[in-house]
Amino acid sequence: MINDSQLVNRAFRGDFEPALIEEINRVGIYQEVEEGDYLIRPGSYIRSVPIILSGSVKIMRADAGGNEALLYYLSGLDSCAMSMTGGPANKPSEITAVAEEKTRLIFIPLEKVDEWICRFPTWKQFVFRTYQRRFDDMIATIDSIAFQKLDERLLTYLKKKTQSCQCTVLQVTHEEIAREMATSREVISRLLKQLERVGYLRLSRNKIEIL
């Protein structure tokens, strides 16, 4: 049960019907996480579905060698389609979800996802909209890998990251970017220096400022 009902009312008023908001207050679990905190790890079982109130979360997938690639970001009033689909099948998670910054979210028990689809039209719309957004994100990721050069992929990555945090200064290392883009740190460092020379960004220690 969520103690601060006004928090839920403010977050979902106009998006969900009052009866659904009451249900979220009754069964939802409110949580605040810090930058770098893990919400889901590979191999864990998904028992609840997160809805982001503020902040951002990145979703990644690892290959057999442990190399991770960025799939998409979650931000305000987003949810994770993979937690909705993987959880009911009782399959271990194949993704990593980690907070990009201080993030507030509500966890909805997994069994409520299907139940609420039948009971609440706005929840059904929310779930279908979540699937569509994540499908669009995945198509964009595939297109980026298949059709874009690495420098174009890097620009797309930086754009998505700034949109996710709604900021122009990114606290991120070259190693982290390389890991999420499934390439080497040396390549990323060279491309970032090229972008700095043409005035797109400014580099400093563990920080990138988009100009």
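Numbering of residues starts from 1 in every chain and runs along the sequence as written. Only residues with pLDDT of at least 70 are given local features in this predicted model, and only at 80 or more are side-chain atom pairs given and counted; all residues enter the totals for whole chains, interfaces and linings. Here the side-chain values reflect all heavy atoms present in the structure, with hydrogen atoms and water set aside.

By the naming in an unreviewed UniProt entry, the chain goes by Crp/Fnr family transcriptional regulator and is assigned to Larkinella rosea.

Peer 1: Honestly, the packing of aromatic side chains in this entry has me stumped. Any pointers?
Peer 2: Aromatic rings in a pair are described by how distant their centres are and how their planes are angled relative to each other. For Phe, Tyr and Trp, where Trp contributes only its six-membered ring, two rings pair if their centres lie within 6.5 Å, and the inter-plane angle classes them as stacked under 30 degrees, edge-to-face over 60, or tilted in between. Tallying each qualifying case throughout the model produces six aromatic pairs. Within the aromatic cluster, the residues linked to one another by ring pairs are Phe 12, Phe 16, Trp 116, Phe 120, Trp 123 and Phe 126. The ring of Tyr 72 carries Arg 134 above its face, with NZ or CZ at 5.0 Å from the centroid. Look at NZ for Lys and CZ for Arg. If either is within 6 Å of the ring centre and within 35 degrees of the ring normal, a charge sits over the ring.

Peer 1: So what exactly am I meant to see when it comes to the UniProt feature "domain: HTH crp-type" (unreviewed entry) in the chain here?
Peer 2: UniProt positions are given in the numbering used here, feature names are shortened, and annotations may be inferred rather than shown by experiment. As recorded in UniProt, the sites labelled "domain: HTH crp-type" (unreviewed entry) are residues 148–211. For residues 148–211, the end-to-end C-alpha separation is 23 Å, with 56% helix and 16% strand making up the annotated structure. Numbering of helices and strands starts at the N terminus; helices are DSSP runs of H or I of at least 4 residues and strands are runs of E of at least 2.

Peer 1: Would you mind showing me how to read the environment of Leu 74 here?
Peer 2: Here Leu 74 is to be found in strand S5 (residues 68–74). Relative accessibility under 20% of the residue-type maximum defines a buried residue, over 50% an exposed one, and the middle range a partly exposed one, all with a 1.4 Å probe and only protein chains included. Residue class for Leu 74 comes out buried when judged on its relative accessible area of 1%. Put simply, Leu 74 and Ala 97 are 23 residues apart on the chain and 9.4 Å apart in space, counted from C-alpha to C-alpha. Note on contacts: a residue pair is in contact if any heavy atoms of the two residues lie within 4.5 Å. Residue contacts for Leu 74: discarding those within four places in its chain leaves Ile 52, Gly 55, Ser 56, Val 57, Ile 59, Ser 79, Cys 80 and Arg 134.

Peer 1: Can you walk me through the domain arrangement of the chain in this structure?
Peer 2: Many structure descriptions define interface size as the accessible area lost when the parts assemble. Note that the domain bounds reflect an automated or database-derived domain assignment. Splitting the chain by domain gives domain 1 (4–145) and domain 2 (149–210). The straight-line distance from the C-alpha centre of domain 1 to that of domain 2 is 26 Å. What gets called buried area is simply the loss in accessible area from a 1.4 Å probe that two parts show on being joined, summed for both. Between domain 1 and domain 2, roughly 1000 Å² of surface is buried when both sides are summed, and carbon and sulfur atoms account for 43% of that area. Of all residues in domain 1, Glu 68, Tyr 73 and Ser 144 give up the largest surface area on contact with domain 2, accounting jointly for 41% of the area buried on that side. The salt bridge partner of Lys 161 is Glu 100, with a shortest N-O separation of 2.5 Å. When a carboxyl oxygen of Asp or Glu is within 4 Å of a side-chain nitrogen of Lys or Arg, the pair counts as a salt bridge.

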